[in-house]
Amino acid sequence: MDTFNSLANGFAIALTWQNLFLALIGCFLGTLIGALPGLGPSNGVAILIPVVFSLGLPATPALILLTSVYYGAMYGGRISSILLNIPGDEPALMTTLDGYPMARAGQAGEALAISGIASFVGAFFATWGLVFLAPQLVDLALLFGPAEYFAMFTLAFATLGGVTSANQAKAAFAAAIGLALAFVGVDGQTGVPRFSFGNVHFYDGIDFLIAIVGMFALSEVLVFIEERGQKNSTSTQPVTSIGRSIPPWSMLKQTSGSMARGTVLGFIAGVLPGAGASLGSFLAYTVEKKVVGKNGKFGQGDPRGVAAPEAGNNAAAGGALVPMLALGVPGSGTTAVLLAMLLSLNITPGPLLFTNNPDVVWGLIAALFIANIMLLLLNVPMVGLFARILRIPPYYLMPAVAMISFIGIYALTNSTFDLMLMIAFGVFGWLMRKLNIPMVPVILGILLGELMEKNLRRALTISDGDMSILYGSPLAVTFLAMAIAGFVLPIFIAKFVTPKRMVIPESHNDGTSD
Amino acid sequence: MSDRIFGSATIVLSLLMVWATGLIEESFIQDPLGPKAFPLVIAGIMGLSGLVMIFKPDAEPHWPGLVKLAELVATVGVFVAYAQSLPIAGFVLSTAVATAFLVWRLGGTTRQSLIGGVVIAVGIYAVFQHVLGLNLAKGPWGF
């Protein structure tokens with residue numbers, strides 16, 4: 001009953017005119033960002049964070065805007081998958097398999113509508129899952145001491161690294177570099193400067209926004225410049241006629257089971273730390289193909305092959321918010337970026353968030369429901385508009401993205417030094433993409449490094465230096481065991497999963513699993 | 001080969017980290033672990049991951065040719081010049097020039113680059129400065 005009261009309060013906050021307006025803007029921008037090939041939810045949110053932050057919005061409206069962008073981008077990813085055969089972001093990869101054939105066969109409108117409805121179903125039920133699961137997780141998290149937190153952070157790094165990359169050494173490197181960057185600055189416990197090399201700019205540490213925007217947005221521009229002229233652009237002719245945008249009843253009935261299965265699988269994939277939306281849509285599609293068996297025409301334009309992965313990736317987006325809000329551990333790349341947003345608003349996610357800032361949490365959850373309904377209303381009738389926007393050539397789009405990244409950081413810090421640092425992160429991000437090193441663990445390292453070390457040192461202070469406190473409770477042992485499993489298992493699983501995922505059409509590694 | 005080179009660089013980096021950790025001054029406030037231990041553990045993990053990259057490298061990535069590489073270096077150069085010129089030349093002029101370069105390198109014609117540069121710079125300025133009220137860099141002309 002408590003939950004429903006809190007949710008009702010949340011709706012009271014989210015239903016103000018300002019917040020509704022922000023949700024609408026966020027949904028529109030998000031759909032646009034998701035639809036444009038190359039820009040996924042993590043890039044979209046990364047570019048907008050500094051902008052939103054320098055606008056000086058209070059916490060709740062800022063969060064509403066950015067999560068609407070997040071949900072919107074998860075919706076939008078399908079549009080270019082279906083019309084151009086280019087996934088707007090990685091989770092939309094699976095949608096190309098049946099969506100594009102449907103569009104080729106003159107069913108573009110139906111494919112877009114079915115995928116829009118499936119996105120709604122997935123996100124809607126996942127948000128309910130968030131409502132019920134997150135408070136439960138909070139109760140569990142209240143049992144945590146510093147040692148348990150340390151074990152949980154270890155788990156987050158192990159699984160996020162393990163899933164985002166097939167090469168564990170590279171995932172470990174990425175996490176280590178992120179943690180090393182977190183050390184830069186004054187040590188919180190003893191007040192001595194570390195790794196600042198006497199440079200005053202480094203005394204208050206490296207702002208993760210600079211790292212995020214540089215690694216995601218600027219490196220994206222470099223990748224675009226590099227790939228220009230290499231891609232065989234003739235292979236993807238845009239589908240220009242949308243056709244009817246209301247699917248027949250029989251198609252809805254046929255796909256309802258797929259949506260349900262996709263939602264459940266996607267939500268589970270989202271809640272697991274590190275798995276994220278790509279795994280959600282991949283699982284949903286693969287299981288759907290198994291369930292339907294030979295009765296389906298998968299790969300040739302089966303509507304169930306569109307409904308299942310779309311429900312899956314949007315449910316995963318909601319699921320990933322569960323550990324992010326309740327434990328402060330992001331479940332995916334984009335939630336890592338959202339975590340950065342929370343931290344820069346001086347809100348620390350985790351169990352205390354629900355007691356200290358109930359307005360923020362429940363306002364946010366209510367806004368998710370509202371955003372989701374807005375997205376359905378925007379996406380089904382206005383698909384023609386988004387399809388037309390897809391024709392903006394990248395040579396206008398990417399420069400605008402680069403410039404907005406510069407503005408965001410400059411408006412925040414007014415410092416040329418920070419811009420240079422951002423460029424350096426951009427070049428580093430490009431190199432990491434080339435070498436297939438995941439970028440999300442780096443961000444996570446910068447974000448969580450300080451907390452992780454603080455908890456480790458606190459635990460050892462409590463035990464007076466006795467290391468056994470780190471594995472002294474069943475919870476800590478469970479987390480550490482899961483961390484080892486999460487780090488080691490993908491090495492074996494990758495052998496089965498990766499080859500199938502690699503078949504998919506041209507899409508460059510954007511360094512996230514989300 | 002790329003992985004081996006990168007792995008070696010990673011090991012050098014981890015050794016540098018160990019050296020820099022040694023430079024950390026001890027404070028009179030102390031906890032059992034101190035400010036040095038965790039960085040050393042992380043440096044160790046980094047070094048190990050570098051070793052694995054040397055002994056078990058992935059397939060070679062596709063590196064750009066010399067011309068492409070020069071183009072990328074030039075782009076980074078334009079980014080740096082842009083960052084440096086923002087406080088001097090102001091937002092609109094610097095952005096127009098940098099954007100025009102990017103449009104041109106991403107495949108726009110000369111005319112598209114010039115128009116794109118001016119339109120994007122002025123457009124962003126109008127939206128961010130006047131609608132959103134962000135403080136963008138001011139040049140000698142006030143924009």
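Residues numbered from 1 in each chain as written. Chains lettered and ligands numbered in written order. Predicted model: local features only at pLDDT ≥ 70, side-chain atom pairs only at ≥ 80, totals over all residues. Heavy atoms only, no water.

Novice: Teacher, can you tell me more about the overall build of chain B here?
Specialist: Per the secondary structure count, chain B includes five helices and zero strands. Along the chain direction, N to C, the helices and strands of chain B fall in the order α-α-α-α-α. By the compact-globule yardstick of 15 Å for 143 residues, chain B is too spread out, its C-alpha radius of gyration being 23 Å. Overall, the C-alpha framework of chain B stretches about 60 × 45 × 25 Å when taken along its three principal axes. The long-range fraction of contacts in chain B, counting pairs at least 24 apart against all pairs at least 6 apart in sequence, stands at 61%. (Helix = DSSP H or I, 4+ residues; strand = E, 2+ residues; numbered from the N terminus. Rg over C-alpha atoms; globule rule 2.2 N^0.38 Å. Contact = heavy atoms within 4.5 Å.)

Novice: Please clarify how the packing of helix 1 (residues 2–14) of chain A against helix 14 (residues 358–379) of chain A should be interpreted in this entry.
Specialist: Packed helix pairs are specified by the crossing angle of their axes together with the interaxial distance, meaning the distance between the axes. Residues and elements named next belong to chain A. Contact geometry for helix 1 and helix 14: axes closest at 7 Å, N-to-C directions at 75°. By the angle between their axes, helix 1 is roughly perpendicular relative to helix 14. For the pair helix 1 and helix 14, the contacting residues are Thr 3, Ser 6, Leu 7, Gly 10, Phe 11, Ile 13 and Ala 14 in the first and Asp 359, Trp 362, Gly 363, Ile 365, Ala 366, Ala 367, Phe 369 and Ile 370 in the second. Here the residues of the contact of helix 1 with helix 14 sort into 10 nonpolar, four polar and one charged. (Axes fitted to C-alpha atoms, helices over the stretch in contact; angles between N-to-C directions. Parallel < 35°, antiparallel > 145°, perpendicular 65-115°, else oblique. Nonpolar A, V, L, I, M, F, W, Y, C, P; charged D, E, K, R; others polar.)

Novice: What is the right way to look at helix 1 of chain A in this model?
Specialist: For the α-helix, the turn length of 3.6 residues means that residues three or four positions removed from each other point alike. All names here are of chain A. With 13 residues, helix 1 extends 18 Å between its outermost C-alpha atoms, agreeing within 8% with the 18 Å of an ideal straight helix rising 1.5 Å per residue. Among the residues of helix 1, Thr 3, Leu 7, Gly 10 and Ala 14 are the ones counted as buried. The arc enclosing the buried residues of helix 1, seen along the axis, measures out at 55°, which places them on a common side. Of the exposed residues in helix 1, those oriented more than 90 degrees away from the buried face are Asp 2, Asn 9 and Ala 12. Where helix 1 is buried, its residues contact helix 2 (17–35), helix 5 (93–141) and helix 14. (Expected span 1.5 Å × (residues − 1). Buried < 20%, exposed > 50% of the residue type's maximum accessible area, 1.4 Å probe, protein only. Arc of directions from axis to C-beta.)

Novice: Even after reading the chapter, I still don't get the interface of chain B and chain A, so can you show me in this structure?
Specialist: Quite often, the size of an interface is put as the accessible area lost when its parts meet. Between chain B and chain A, the contact holds 64 residues from the first and 62 residues from the second. Summed over both sides, the interface between chain B and chain A buries roughly 5,600 Å², with carbon and sulfur atoms accounting for 80% of that surface. Three residues stand out in chain B for area buried against chain A, namely Phe38(B), Phe79(B) and Leu106(B), and they jointly supply 13% of the buried area on that side. Between chain B and chain A we count three salt bridges in total. One salt bridge in this structure joins Lys170(A) and Asp3(B), with 2.9 Å as the shortest N-O distance. Where chain B packs against chain A, one counts eight residue pairs in polar contact (both at pLDDT 80 or more). Listed by contribution, the elements that provide at least two residues to the side of chain B that touches chain A are helix 1 (2–22), helix 2 (34–55), helix 3 (66–89), helix 4 (91–105) and helix 5 (110–131) of chain B. The biggest single contributor to the side of chain B that touches chain A is helix 3 of chain B, with 12 residues. Residues belonging to the side of chain B that touches chain A are distributed by class as follows: 40 nonpolar, 16 polar and eight charged. (Buried area = accessible area lost by both parts, 1.4 Å probe. Salt bridge = Lys/Arg side-chain N within 4 Å of Asp/Glu carboxyl O. Polar contact = N/O pair within 3.5 Å; in protein donor to acceptor, adjacent residues only side chain to side chain.)

Novice: Honestly, helix 14 of chain A in this entry has me stumped. Any pointers?
Specialist: In a regular helix each residue adds 1.5 Å, so 22 residues correspond to 32 Å; helix 14 of chain A covers 31 Å between its end C-alpha atoms and thus fits that length. In terms of burial, helix 14 of chain A is largely enclosed, as 17 of its 22 residues are buried.

Purely geometric stuff here, so don't read any function into it on its own.
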